[in-house]
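Here is what each chain is made of, one letter per residue.
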Amino acid sequence: MTAELTTLAADLGDAEQLHQPSNLPHAPLAVDAAQVPLAGGTDPAYGEVRWRTLINGSEDAPRDMVLGIAEFGPGGRLLPHRHDPAEFYFGLEGAGVVTIDGIPHEIRPGIAIYVPGGAEHGTVAGRDGLRFAYGFAEPSFEQIRYRFSAQA
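What you see as residue numbers is a count from 1 along each chain, following the sequence as written. For this predicted model, a pLDDT threshold of at least 70 governs which residues receive local features, and a threshold of 80 or more governs which side-chain atom pairs are given and counted, while totals over whole chains, interfaces and linings are taken from all residues. Hydrogens are left out, water is left out, and the side-chain values use all remaining heavy atoms of the structure.

**Section: a nonpolar patch on the surface**
Logical step 1: Residues form patches when they are more than 30% accessible in relative terms and have no salt bridge. Like charges link within 9 Å. Nonpolar side chains (Val, Leu, Ile, Met, Phe, Trp, Tyr) link within 5 Å. To measure how exposed things are, a 1.4 Å probe is used in the Shrake-Rupley method; for residues, cover is taken only from the protein chains shown. Between Lys or Arg on one side and Asp or Glu on the other, a salt bridge is scored when a side-chain nitrogen of the former is within 4 Å of a carboxyl oxygen of the latter. On the surface, Phe 88, Phe 90 and Leu 92 cluster together to form a nonpolar patch covering roughly 230 Å² of accessible area.
Logical step 2: One can find Phe 90 in strand β5 (residues 87-100).
Logical step 3: For Phe 90, a relative accessible area of 35% puts it in the partly exposed group. By the criteria applied, helices consist of DSSP H or I runs no shorter than four residues and strands consist of E runs no shorter than two, each listed in order from the N terminus. We call a residue buried when its accessible area falls under 20% of the maximum for its residue type, exposed when it is over 50%, and partly exposed in between, using a 1.4 Å probe and counting protein chains only.

This is the structure we're talking about:
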């Protein structure tokens, strides 16, 4: 092990700095959720849910992932749907039920849920509403094609 240590550069100024912004495929990003406007609302196509998309790519500013926060009032719903990419939910506030391919899963603060790609899933908030983070390993939210079961 000592022989390996002697091969390290004594002057780190000559070493390549791998995590400099100029060496990263995409620039770092910090987003304040309170500054991102809500989208959504009540719609017969998807239910009663609002969301803030915090990290999202575009042609001018590509990203490797999508991250957002979904917000439901008491009893609010995201109707059953499918999309090709897998998704995760992470409970932040309130509680509810996420049904994936017919199996109900409780969601509340601290609970992480993995939704496999192509699985039918929907959400119903509890009596105090629900907030959860959601994410996809996709370049942009706009590229994700939602297929609602009622429309199939």
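**What to know about the packing of aromatic side chains**
Logical step 1: Ring geometry is summarised as follows: Phe, Tyr and Trp rings, the Trp one being its six-membered ring, pair when their centres sit within 6.5 Å, and such pairs are stacked at plane angles under 30 degrees, edge-to-face over 60 and tilted between the two. Throughout the structure, instances matching the rule amount to eight aromatic pairs.
Logical step 2: Consider the rings of Tyr 46 and Trp 51, whose centres lie 5.6 Å apart with planes at 70°: the pair is edge-to-face.
Logical step 3: Given a relative accessible area of 16%, Tyr 46 falls into the buried group.
Logical step 4: Consider the rings of Tyr 146 and Phe 148, whose centres lie 6.1 Å apart with planes at 20°: the pair is stacked.
Logical step 5: For Tyr 146, a relative accessible area of 25% translates into the label partly exposed.
Logical step 6: Take Phe 148: its relative accessible area is 11%, and that puts it in the buried class.
Logical step 7: Grouped by ring-pair contacts, the aromatic residues Tyr 134, Phe 136, Phe 141, Tyr 146 and Phe 148 constitute a single cluster.

**Some points on the layout of surface pockets**
Logical step 1: Every definition here rests on a 1 Å grid over the protein atoms only: cavities are sets of points where a 1.4 Å probe fits but cannot get out, pockets are open sets enclosed by protein on both sides within 12 Å along at least five of seven lines, and lining residues have some atom within 4 Å of a point. Grid points are joined across faces, edges and corners, and a volume is the space filled by probe spheres set on the points. Volume-wise, the largest pocket comes out at about 230 Å³.
Logical step 2: For the largest pocket, the lining is made up of 15 residues, of which Val 49, Trp 51, Leu 78, Phe 141 and Tyr 146 are closest to its centre.
Logical step 3: Elements with a contribution of two residues or more to the lining of the largest pocket: β2 (47-55), β4 (77-82), β5 and β8 (121-136).
Logical step 4: Here the element with the most residues in the lining of the largest pocket is β8; it accounts for three residues.

**Regarding the environment of Val 97**
Logical step 1: If you trace the backbone, Val 97 turns up in strand β5.
Logical step 2: Sequence separation of Val 97 and Arg 77 is 20 residues, and the distance between their C-alpha atoms is 9.6 Å.
Logical step 3: By the convention used here, residues are in contact when the closest approach between their heavy atoms is within 4.5 Å. If sequence neighbours within four positions are ignored, Val 97 has contacts with Pro 104, His 105, Ile 107, Gly 122, Thr 123 and Val 124.

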